[in-house]
Amino acid sequence: MCDSRLSAGDRRLIDRLSRMEPFPSSVLEMGCGEGHKLVALKRSHNVDAYGVDSHEPSVSSLNSAGIGAMVGDMRQLPFDDGHFDWVLIANSLHHIPNPQDALREGARVARHGVVICEPWCDQTIESQRTTYALCQWSNALVQSQGYFHREGLSAGEILDLVDFEAASAEVFYELGIAQWDVNEWLKYFSPYMDQLAVTHFLRWRLKHLIGTLPTDTATEPGQVVVVIRKCAT
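Predicted model only: the values in this text are computed from it and were never measured.

Each value, and the rule that gives it
Residues numbered from 1 in each chain as written. Predicted model: local features only at pLDDT ≥ 70, side-chain atom pairs only at ≥ 80, totals over all residues. Heavy atoms only, no water. Core = buried A, V, L, I, M, F, W, Y, C linked by side-chain atoms within 4.5 Å. Buried < 20%, exposed > 50% of the residue type's maximum accessible area, 1.4 Å probe, protein only. Helix = DSSP H or I, 4+ residues; strand = E, 2+ residues; numbered from the N terminus. Contact = heavy atoms within 4.5 Å. Pairing = 2+ DSSP bridges. Right-handed = clockwise from strand over helix to strand, strands pointing away. pLDDT = per-residue confidence, 0-100. Axes fitted to C-alpha atoms, helices over the stretch in contact; angles between N-to-C directions. Parallel < 35°, antiparallel > 145°, perpendicular 65-115°, else oblique. Nonpolar A, V, L, I, M, F, W, Y, C, P; charged D, E, K, R; others polar. Left-handed = near helix turned anticlockwise from the far one by under 90°. Expected span 1.5 Å × (residues − 1). Arc of directions from axis to C-beta. Polar contact = N/O pair within 3.5 Å; in protein donor to acceptor, adjacent residues only side chain to side chain.

Caption draft 1: Broad picture of the nonpolar core. Counting residues in hydrophobic clusters, the biggest one holds 26 residues, and the most contacted among them are Leu28, Met30, Val87, Ile89 and Val114. Counting only elements with at least two residues in this core, the list comes to β1 (26–30), β4 (84–90), α4 (99–109), β5 (110–120), α6 (155–160) and β7 (222–230). Sorting elements by how many residues they give to this core places α4 first, with four residues. Sequence-distant contacts of Leu28, that is, excluding residues within four places in its chain, are made with Tyr50, Gly51, Val52, Leu77, Phe79, Phe84, Trp86, Val87, Leu88 and Val109.

Caption draft 2: Looking closely at unusual backbone geometry. A cis geometry characterises the amide bond from Glu21 onward to Pro22, with omega recorded as -5°. Structurally, Pro22 is set in the loop between α1 (8–18) and β1. We note that Asn46 has phi near 55°; this positive angle belongs to a residue other than glycine. Look at Asn91: it is not a glycine, yet its phi comes out positive at around 55°.

Caption draft 3: Broad picture of the pairing of β4. Among the seven residues of β4, seven are classified as buried, and the element is accordingly described as predominantly covered. Inspection of the sheet shows β4 paired to β5 by six bridges, in the parallel sense. Directly across from Val87, in β5, lies its bridge partner Val114. Taken together, β4, α4 and β5 constitute a β-α-β crossover, and its handedness is right-handed.

Caption draft 4: Molecular detail of the confidence of the model for the protein. Taken as a whole, the protein shows an average pLDDT of 92; of its residues, 98% reach a score of 70 or greater. Element-level pLDDT for the protein is lowest in helix α7 (residues 182–188), with a mean of 86, against a maximum mean of 98 in β4.

Caption draft 5: Representation of the packing of helix α5 (residues 126–144) against helix α9 (residues 201–212) in the model. Closest axis-to-axis distance for the α5/α9 pair is 11 Å, and the angle between their directions is 175°. Comparing their axes, α9 and α5 come out roughly antiparallel. For the pair formed by α5 and α9, the contact residues are Ala133, Leu134, Trp137, Ala140, Leu141 and Ser144 on the first element and Leu202, Arg205, Leu206, Leu209 and Ile210 on the second. Of the residues belonging to the contact of α5 with α9, the class tally is nine nonpolar, one polar and one charged.

Caption draft 6: How the structure looks around the packing of α1 against helix α2 (residues 36–45). For the pair α1 and α2, interaxial distance at closest approach is 10 Å and the crossing angle is 45°. Looking at the two axes, α1 sits oblique to α2. Helix-helix and strand crossings are classified by hand; for α1 and α2 the assignment is right-handed. Seen from α1, the contacting residues are Asp10, Leu13, Ile14, Leu17 and Ser18; seen from α2, they are Lys37, Ala40, Leu41 and His45. Tallied by class, the residues present in the contact of α1 with α2 amount to five nonpolar, two polar and two charged.

Caption draft 7: Geometry of the sheet that holds strand β2 (residues 48–53). Ordered by their spatial adjacency, seven strands build an open sheet running β3-β2-β1-β4-β5-β7-β6, and the pairing between neighbours is mixed. Each edge of the open sheet carries a strand with a single partner, namely β3 (68–71) and β6 (166–174). With strand direction ignored, the average angle separating the axes of adjacent strands in the sheet is 15°.

Caption draft 8: Spatial organisation of α9. With 12 residues, α9 extends 16 Å from end C-alpha to end C-alpha; this agrees with the ideal 16 Å at 1.5 Å per step. When α9 is considered as a whole, its buried residues turn out to be Leu202, Leu206 and Leu209. Down the axis of α9, the buried set is contained in an arc of 70°. They therefore lie on one face. Away from its buried face, by an angle of more than 90 degrees, α9 presents the exposed residues Phe201, Lys207 and Gly211.

Caption draft 9: Broad picture of the side chain of Ser92. The topology assignment puts Ser92 in the loop between β4 and α4. Its relative accessible area of 5% is what places Ser92 among the buried residues. Polar contacts involving the side chain of Ser92 include one to the main-chain carbonyl oxygen of Met30, which spans 3.3 Å. Engagement of the side chain of Ser92 in a polar contact is seen with the backbone oxygen of Gly31, the distance being 3.2 Å. Setting aside chain neighbours within four positions, we find Ser92 in contact with Met30, Gly31, Met74 and Glu118.

Here it is in structure tokens:
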């Protein structure tokens with residue numbers, strides 16, 4: 001049974017991981033958040049799943065669910081070289097001021113390689129341009145509250161960060177075309193909106209944006225997945 005808390009992109013990512021060669025008997029997710037992907041990997045594929053995140057409540061919740069997790073900095077991992085079969089960095093690199101340090105650490109503790117996933121929109125599609133515009137607004141909203149949140153890294157930007165010895169890199173673009181419930185998505189940001197002054201620019205910007213979007217229909221964001229394999233030792 002699919003976990004309802006997993007997005008379509010998350011389910012595709014889990015399926016990809018389960019088919020990796022060599023099979024990932026152990027996976028570390030850097031920036032795991034609530035860890036829904038780790039729970040699914042353990043329950044459905046018997047993967048030894050472990051997570052690292054800076055948000056202590058999420059880590060505590062994962063530990064209560066039987067998933068090993070710890071509070072930590074993705075740029076300084078307390079694990080030996082090659083400790084995990086594969087390392088997953090899903091939708092986390094764009095939250096880090098120095099993403100190269102995190103990618104380097106992920107590669108260090110990975111035996112076979114690193115799987116990086118970042119959000120992506122196909123702007124040749126009208127409904128995806130709407131999605132992209134809304135995501136740009138949400139990025140500005142989060143940034144206004146003092147959080148580091150840049151636009152998702154492109155495949156080229158990710159590959160430019162690789163400063164370790166790698167055997168190969170594969171790039172996959174995944175795009176769902178299901179309609180995106182923008183109102184439900186906006187509810188997630190209501191706590192951030194509540195902290196804005198009534199006259200804040202971003203409140204006006206959202207009203208203006210909703211009235212001038214390329215189309216009323218938005219489709220769920222896609223993702224770019226980059227699989228970097230390490231050289232065999």
